Amino acid sequence: MQDEKIEEIFRCPYCLAKEVDISLLFDEAKGEYYCVRCCFVGTKQEVFEACDRLIPHPKSGH
Ligand SMILES: [Zn+2]
């Protein structure tokens with residue numbers, strides 16, 4: 001029996017901040033996500049944190 005585990009797909013926060021839609025790849029050996037376009041490398045937690053910091057929330061406004 002195979003336990004098929006599908007990794008979640010995340011967008012690169014750095015590229016997304018520049019309006020470039022790139023999916024992060026998962027490095028199983030390191031357990032980290034990385035971007036093929038820029039030099040972003042990070043754990044899932046770091047991806048979330050970077051998203052929070054770099055991508056403006058639509059709610060914020062005047
Ligand atoms: Zn990137």
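Above this text is the structure in question.
Definitions and cut-offs
Residues numbered from 1 in each chain as written. Predicted model: local features only at pLDDT ≥ 70, side-chain atom pairs only at ≥ 80, totals over all residues. Helix = DSSP H or I, 4+ residues; strand = E, 2+ residues; numbered from the N terminus. Buried ≥ 20, exposed ≤ 12 C-beta atoms within 10 Å, placed from the backbone.

K.L.:
Give me the lowdown on unusual backbone geometry, citing residues and values where you can.
P.N.:
Positive phi, normally seen in glycine, also occurs at Glu-19, with a value near 60 degrees. Its location among the elements puts Glu-19 in the loop between helix H1 (13-17) and strand E1 (25-27).

K.L.:
Give a description of the environment of Arg-53 that names residues and reports values.
P.N.:
On the secondary structure map, Arg-53 appears in helix H2 (residues 44-54). By C-beta crowding, Arg-53 is classed as exposed, having 10 other C-beta atoms within 10 Å. Along the backbone, Arg-53 and Pro-13 are 40 residues apart, and their C-alpha atoms lie at a distance of 8.9 Å.

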